[in-house]
Amino acid sequence: MYKYEVGQIVDAFKYHSENVQFDIADDGATILVFFQSPTTEEVEQFKAGKNFEIRFTELYGVIMITVKIGKLNWMDAPYTPHLSKNLTKFQLPNENQGLGLTLILVDTITGEIKHVRLLGLSEKFTKRLFGVVMEHKVKSFDELEYDKSINRIFTTYQTNQIVKLSKDYYKINS
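Scoring rules and cut-offs
Residues numbered from 1 in each chain as written. Predicted model: local features only at pLDDT ≥ 70, side-chain atom pairs only at ≥ 80, totals over all residues. Heavy atoms only, no water. Pairing = 2+ DSSP bridges. Helix = DSSP H or I, 4+ residues; strand = E, 2+ residues; numbered from the N terminus. Axes fitted to C-alpha atoms, helices over the stretch in contact; angles between N-to-C directions. Contact = heavy atoms within 4.5 Å. Phe/Tyr/Trp six-rings, centres within 6.5 Å; stacked < 30°, edge-to-face > 60°. Buried < 20%, exposed > 50% of the residue type's maximum accessible area, 1.4 Å probe, protein only. 1 Å grid on protein atoms, 1.4 Å probe; cavity = no way out; pocket = protein on both sides within 12 Å on 5 of 7 lines; lining within 4 Å. Points joined across faces, edges and corners; volume = space filled by probe spheres on them. Nonpolar A, V, L, I, M, F, W, Y, C, P; charged D, E, K, R; others polar. Core = buried A, V, L, I, M, F, W, Y, C linked by side-chain atoms within 4.5 Å. Salt bridge = Lys/Arg side-chain N within 4 Å of Asp/Glu carboxyl O.

Caption draft 1: Representation of the sheet that holds strand β5 (residues 75–79). The strand order β5-β4-β3-β8 describes an open sheet built from four strands, whose pairing is antiparallel. Bordering the open sheet on either side are β5 and β8 (168–172), each of which pairs with just one other strand. Strand after strand, the sheet turns through a mean of 20 degrees between neighbouring axes, direction not considered. When strand β3 (residues 52–59) meets β8, the two strands line up antiparallel, connected through five bridges. Following the sheet pairing, E53 is matched in β8 by K171. Along the sheet, helix α2 (residues 123–137) contacts β3, β4 (62–69), β5 and β8; its crossing angle with β3, the most-contacted strand, is approximately 30 degrees. Docked against the sheet, helix α3 (residues 143–156) engages β3, β4 and β5, running at close to 45 degrees with respect to β4.

Below you can see the structure in the form of structure tokens.
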């Protein structure tokens, strides 16, 4: 479990490639968005009151998470519970509750956390996502095959195509 704060410099985030990472841990889900020198306008899109949408689908045995943050383009992140670092209990939230999601924007040049936003996902979306994640968790896992599948996805599909393939979503409109 890690504690991140706005303004914090994380050495491991310096010179990180621009990408999006999704993970589920015992304390909720996290989306790390790595931008190289994010502009003021990009940082603004992460703030409370801005639209947010999250979707997921399965492609070639990989759970693909897609997110739309404010007015930014859709972004994607492959996910498997087999690589989750802090997922031991793996239990659904209580009835009428959804998964907590921490959205973090990182400057890859400085390693600085530019913004943190806490969101609550719907119970329906959470249950559907957990159902798929649980199915994956009980299957055998080969990291090389997983990496090959990710490469196949990224050479076959653009992010917008992955978005259109996902049926499960949760949206926050400002």
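Caption draft 2: Broad picture of the packing of aromatic side chains. Summed over the entire model, instances satisfying the criterion amount to seven aromatic pairs. Where F13 meets F34, the ring centres are 5.1 Å apart and the plane angle is 80 degrees; that geometry is what we call edge-to-face. Highlighted residues: F13 in the segment before β1 (19–25) and F34 in strand β2 (residues 28–35), separated in sequence by 21 residues. Neither F13 nor F34 differs from the other in exposure class; each is buried. With 6.2 Å between their ring centres and 85 degrees between their planes, F35 and F46 make a pair best called edge-to-face.

Caption draft 3: Just the layout of surface pockets, in detail. A volume near 920 Å³ is recorded for the largest pocket. Residue lining of the largest pocket: 37 residues in total, with Q21, D23, T30, L32 and K85 positioned closest to the centre. Those elements giving two or more residues to the lining of the largest pocket turn out to be β1, β2, β5, β6 (100–107), β7 (113–120) and α3. Tallied by class, residues from the lining of the largest pocket come to 23 nonpolar, nine polar and five charged. Volume-wise, the second largest pocket comes out at about 210 Å³. Lining the second largest pocket are 13 residues, and of these G61, S140, F141, D142 and Y146 lie nearest its centre. With three residues, the single largest contributor to the lining of the second largest pocket is α3. In the lining of the second largest pocket, the residues fall into four nonpolar, six polar and three charged.

Caption draft 4: Region of interest: the pairing of β3. Burial of β3 is extensive: seven of the eight residues sit out of reach of the surface. Where β3 meets β4, eight bridges bridge the pair, whose relative direction is antiparallel. Looking at the pairing, F52 lines up with I69 of β4. Connecting the antiparallel pair β3 and β4 is a turn made up of two residues, with Y60 showing a positive phi of about 50 degrees.

Caption draft 5: The arrangement of the nonpolar core in detail. Formed by 31 residues in total, the largest nonpolar core has its most connected members in F22, I31, V33 and I54. Among the elements of the structure, β1, β2, β3, β4, β5, β6 and α2 are those that each provide at least two residues to this core. Per element, the largest residue contribution to this core is five residues, and it comes from α2. The residues touching V33, leaving out its near neighbours within four places in the chain, are N19, V20, F46, I69, M75, L103, I104, L105 and V106.

Caption draft 6: Structural detail: the pattern of salt bridges. Taken as a whole and judged by the stated rule, the model has nine salt bridges. Of the charged contacts in the structure, one is a salt bridge between K171 and E53, with a shortest N-O distance of 4.0 Å. With K171 in strand β8 and E53 in strand β3, the pair connects residues that are 118 residues apart, well separated along the chain. Between K127 and E123 there is a salt bridge; the shortest N-O distance is 3.1 Å. A residue pair is termed a helical-turn pair when its members lie 3 or 4 positions apart in one helix, as K127 and E123 do in helix α2 at four residues.

Keep in mind these values describe shape, not function.
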